[in-house]
Amino acid sequence: MDKKLRVAVHKFSSCDGCQLAFLNAGEKLVELFELADVVHFAEAGIVDPDAPADLAFIEGSISTHEERERIRRIRENTRFLVPIGACATSGCLQALRNQADAARWFADVYSDLSKIDHLDTATPIAANVPVDMELWGCPVNTRQVMATVSSLLLGAPPRDENEKICMECKRKNIVCVMVAQGQHCMGPVTRTGCGVLCPGIGRDCYGCYGPAENINGDSWGRWFEQKGMPAERIARRFRYINSEAEAFREAGKRWREKS
Amino acid sequence: MAERRNFLPRSEFPRLLSELISAGYRCIGPRVRDGAIVYEPITGVEDLPQGIHDLQAPGQYGLEQTAEPRFFAWANGPQALRPLTFAGRDKLWTAERKADGSVEFAGESPQAEPVAVIGARACDLAALYIYDRHFMQGEHPDPWYTARRQKLFLIAVHCTHPSLNCFCASTGDGPRASYGYDLALSELDEGFLIEARSEKGERILAGLPVKKASAEQIETADREIEDAGRRQVKGVPSRNLKDVLFARLDHPRWNEVAQRCLSCTNCTLVCPTCFCHSENDVPSLDGSRSEHYREWDSCFTQRHSYIHGITIRPDTRTRYRQWLTHKVGSWHDQFGRSGCVGCGRCITWCPVGIDITEELAAICR
Ligand code: SF4
Ligand code: SF4
Ligand code: SF4
Ligand code: SF4
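All of these numbers come straight from a predicted model, not from anything done at the bench. (Residues numbered from 1 in each chain as written. Chains lettered and ligands numbered in written order. Predicted model: local features only at pLDDT ≥ 70, side-chain atom pairs only at ≥ 80, totals over all residues. Heavy atoms only, no water.)

Quick look at the overall build of chain A now. Secondary structure assignment for chain A yields 11 helices and 4 strands. Here the C-alpha atoms of chain A give a radius of gyration of 19 Å, agreeing with the 18 Å that 2.2 N^0.38 yields for 259 residues. Once local pairs closer than 6 in sequence are excluded, the contacts in chain A between residues at least 24 apart make up 72%. Total accessible area computed for chain A in this model is approximately 11,300 Å², and 51% of it derives from carbon and sulfur atoms. (Helix = DSSP H or I, 4+ residues; strand = E, 2+ residues; numbered from the N terminus. Rg over C-alpha atoms; globule rule 2.2 N^0.38 Å. Contact = heavy atoms within 4.5 Å. Areas by Shrake-Rupley, 256 points an atom, 1.4 Å probe, with all protein chains shown as cover.)

Given below as C-alpha cells:
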C-alpha cells in the first residue's frame, strides 16, 4: 500500500462515548495511526473537518440545522461513510423527542430559545445522506470498529453482524434469562455484536444494539402481553434507545396503538 | 443382565467421584447455576443438585428445592453433551504473512483432557450416536470433535423424572439409556444400581464398594424407568414423516407458526443433534495475520441460505419449514432415522414456547 487510507472520525449530537471505542483501543490505536492517515478526529486532537477522507466514521444524530449542512459536506468529501452507534444509526435517546411535542420540550428546558439551534427531530445519518454500512450499538466497541477498519484496509467487505443476540448467548452457555427467569429480554429481536453483555451478567438485553435482521416484534410482545405486560410498556421497550430504527419503530407503534 | 447390576449405597457415592479423579478424569456433572441445571465441573457430591426438581413448560423453565435425597430427580437442562463435543466456537487455523511475502498456515492441533460426565441422559446419548456418525465416522472425521469425544467417560443415569416437555418414549430414545455409556446408574432413595458397559467402566466399578443389588431394588428401578416413559405427555408419530412433510410444503400451518416464531435460533442451538456451523476470519489490523474460526450457526439465520447474492430463505416461514422438514424428514435419508430424540429442549428454550410436537401434529394430521 503506497498511499495510506485517510480516516476521519466526526461527531454530531451524541455523548462522545462511541469515539472511545477508538481512544480506548490501546496498541490498536497506535497501529491505526501508523497504518492510516487520521485526517480528522477532534476528540484525539486532530481537527480538519473538511479534509477529504477514504473512510469516515460518524458518531451522533442530526439534531440541528448546522449538523444537517455539515453531514452533506462530509458525504461529498468521503468515499466510504460509516455511521457508528445508536445516535448515528437510529437517533438514540435524543430522538425520543420525535415521538413527543418537541417544541414544548425545548420551551420547558431552555429559558432563551433564540440561542438554541434545533430541528424538531433527531434523525439517523442514513435519513440524511446515503451511507455505506452501519455499525450498531450504544456504544459500539473496539472489536467492531477495528474489524471494520481491518476489512477495509484489506479491501474486503466488512461482515454485517445481523444475527440475534441469542446465538452468542447459546455459544457462551449462558442460561436464558427470558425462559429461566421470565425477564423481558430483547435478545431475540436484537442484533449481535456486544458479546452478550447483559444476559452475561444475568439481566435482560434492552436492545441497545438495535434490530437484528428478520425480527418479529409482534410475537415477542404478545408473549409478554399474555403474561400481563401492558401494551404501552411493550411499546416502550421498542421505542427506547433505538427508537428510530425502522423495525423497532414500527413494532413500537403497533404496540402503542393497542394501548 | 439383571444379575450383573450392583448396588452402591448413597453414603458411598462420593467414592465414584474420587475413583474417577484418581483415574485422571476431570469430572463434569449437573449443578445449579443461574436458575438452571447445567453440566459443569464439579469437585464433590455437594455440587450435585440434591433434592432439586425442574418445572418445564413451553418457553418456561424453573427449579424447586425439596428435601428428597436424590441427585438426579429432574430432566435435562439447557445443554449437556453438545458443548462438550462440538464447542460453540473453535479456532481452526491461523494464517500468517512472512517477511518474504509467503503465507504460512498453521492448523490448531486439537487437544482434549480426559473428562468424565456424570448424569448423561438417554436422549443425549441417542443424540451422541448421531453426532458420532456425523462428526467422527464419515470420510473426513472432525479432529476437534474426535479429540474431545475420545476422551469422554460417560456415566448415564436412566431417567425417572421426565419433564412435561420430554417425549423420548415416543421417539424410542429413552428414558432408559442405551448407547455409548461406560457406566449407567439407576437412582433409588437409598443409593444407586450401577452397571458397566465398557472396559473403562469395569475398571472404575472394580474400585467401588458395591454389593449385589437385591431383586426388589432391581424391580423398583426398572419400574421407575418404565413409569417415566408412561408419564410423558407429549409425543411424535414414530413413523418416517418425510413424505408427508414434503407433500405439505404449502400447508397453512407454516404461515401460522411463522407469526409466532422469532427466528431466534434457540431451538437449533439447544438441540443435541443440530450440527450447523459457519466459519469466519478475524484478521489483525495490518492484515499480516488472520485467525479462522468455526462457530455454531442455524438454519434460522439469514446467512445460512445466502448463496451468491441471494438469500434463499428470506423469511421465517421458509426457515422454520427448513428446520422441521430436515429434522424429522430428510434426516431419514441422511442418518436412517429422525433427527429428533425427544429431549424437548426446543420446546422449553424457545422464548415463545413453540412446540415441535404440536406443529408436527397440525401439519401431519
Ligand atoms: S437470555 Fe436473552 S439473548 Fe440470551 S437466549 Fe435468552 S432471550 Fe436470547
Ligand atoms: S428437535 Fe427438539 S426435542 Fe427433538 S432432539 Fe432437537 S431439541 Fe430435542
Ligand atoms: S427426553 Fe427422556 S431421556 Fe431425555 S431427559 Fe427427558 S425423560 Fe430423560
Ligand atoms: S421456534 Fe422458537 S426457538 Fe426456534 S427460532 Fe422460532 S422462536 Fe426461536
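Now, onward.
Turning next to the packing of helix 9 (residues 217-226) of chain A against helix 11 (residues 246-258) of chain A. Residues and elements named next belong to chain A. Running from N to C, helix 9 and helix 11 cross one another at 40 degrees; their axes reach a closest spacing of 9 Å. In this view, helix 9 runs oblique relative to helix 11, as classed from their interaxial angle. Every pair of crossing elements has a handedness; the one defined by helix 9 and helix 11 is right-handed. Across the interface between the two elements, Gly217, Asp218, Gly221, Arg222 and Glu225 of helix 9 pack against Ala251, Arg254, Trp255 and Lys258 of helix 11. (Axes fitted to C-alpha atoms, helices over the stretch in contact; angles between N-to-C directions. Parallel < 35°, antiparallel > 145°, perpendicular 65-115°, else oblique. Left-handed = near helix turned anticlockwise from the far one by under 90°.)

The side chains of a regular strand alternate, first on one face of the sheet and then on the other. All names here are of chain B. Sheet topology note: the strand 6 (residues 89-97)/strand 14 (residues 289-296) ladder contains 7 bridges and is antiparallel. From the neighbouring strand, Asp90 faces strand 14, where its bridge partner is Arg294. As judged from the 5 bridges shared by strand 6 and strand 7 (residues 103-107), these two strands associate in the antiparallel manner. Counted as the bridge partner of Ala95 is Phe105 from strand 7. (Pairing = 2+ DSSP bridges.)

This next bit is on the site of ligand 1. Near ligand 1 the following residues occur: Ile165, Cys166, Cys169, Lys170, Cys176, Val177, Met178, Cys185, Gly187, Pro188 and Pro199 of chain A together with Asn266 of chain B. The local environment of ligand 1 is shared, drawing residues from chains A and B. Of all the secondary-structure elements, those providing two or more residues to the shell around ligand 1 are helix 7 (165-171) and helix 8 (177-181) of chain A. In terms of residue count, helix 7 of chain A provides more of the shell around ligand 1 than any other element does, 4 residues in total. When grouped by side-chain class, the residues that make up the shell around ligand 1 number 9 nonpolar, 2 polar and 1 charged. (Near = heavy atom within 4 Å. Nonpolar A, V, L, I, M, F, W, Y, C, P; charged D, E, K, R; others polar.)

Another point: the packing of helix 11 (residues 316-335) of chain B against helix 13 (residues 356-364) of chain B. Residue and element names in this part refer to chain B. For the pair helix 11 and helix 13, interaxial distance at closest approach is 12 Å and the crossing angle is 90 degrees. Classed by the angle they form, the pair helix 11 and helix 13 counts as roughly perpendicular. Between helix 11 and helix 13, the contacting residues are Tyr320, Trp323, Leu324 and Val328 on the first element and Ile356, Glu359, Leu360 and Ile363 on the second. Here the residues of the contact of helix 11 with helix 13 are counted per class, giving 7 nonpolar, no polar and 1 charged.

So, about the sheet that holds strand 1 (residues 6-9) of chain B. Backbone-to-backbone hydrogen bonds pair the strands of a sheet. The strands run either parallel or antiparallel. Residues and elements named next belong to chain B. The mixed open sheet is built from 8 strands, whose spatial order is 3-2-8-9-10-11-1-12. Both outer strands of the open sheet, strand 3 (36-41) and strand 12 (211-212), are each paired with one neighbouring strand and no more. Relative to strand 9 (residues 152-157), strand 8 (residues 115-120) runs parallel, the two being bridged by 5 bridges. Following the sheet pairing, Val115 is matched in strand 9 by Leu152. Helix-sheet contacts for helix 7 (residues 215-231) involve strand 1, strand 10 (183-188) and strand 11 (191-196), and the interaxial angle to strand 10 is about 95 degrees.

Quick look at unusual backbone geometry now. With omega at 0 degrees, the peptide bond leading from Cys138 of chain A into Pro139 of chain A counts as cis. In this fold, Pro139 of chain A is placed in the loop between helix 5 (102-109) and helix 6 (142-153). With an omega of 0 degrees, the peptide bond running from Gly174 of chain B to Pro175 of chain B counts as cis. Examined against the element boundaries, Pro175 of chain B turns out to sit in the loop between helix 5 (168-171) and strand 10. The backbone of Asp16 of chain A sits at a positive phi, close to 75 degrees, despite the residue not being glycine. Here Asp16 of chain A is to be found in the loop between strand 1 (5-11) and helix 1 (20-23). You can call Asp16 of chain A partly exposed: its relative accessible area is 24%. Despite not being glycine, Asp34 of chain B shows a phi value in the positive range, around 50 degrees. Relative to the helices and strands, Asp34 of chain B resides in the loop between strand 2 (26-33) and strand 3. (Buried < 20%, exposed > 50% of the residue type's maximum accessible area, 1.4 Å probe, protein only.)

Take the sheet that holds strand 4 (residues 78-84) of chain A next. All names here are of chain A. The strand order 2-1-3-4 describes an open sheet built from 4 strands, whose pairing is parallel. Of all the strands in the sheet, just strand 2 (36-41) and strand 4 have a single pairing partner and so form its edges. Strand-to-strand twist across the sheet, computed as the mean angle between neighbouring axes with direction ignored, equals 20 degrees. Each of strand 1 and strand 2 touches helix 2 (residues 27-35); the most contacted strand, strand 2, lies at about 105 degrees to it. Against the sheet, helix 3 (residues 65-77) touches strand 1, strand 3 (53-59) and strand 4, its axis set at about 135 degrees to strand 4.

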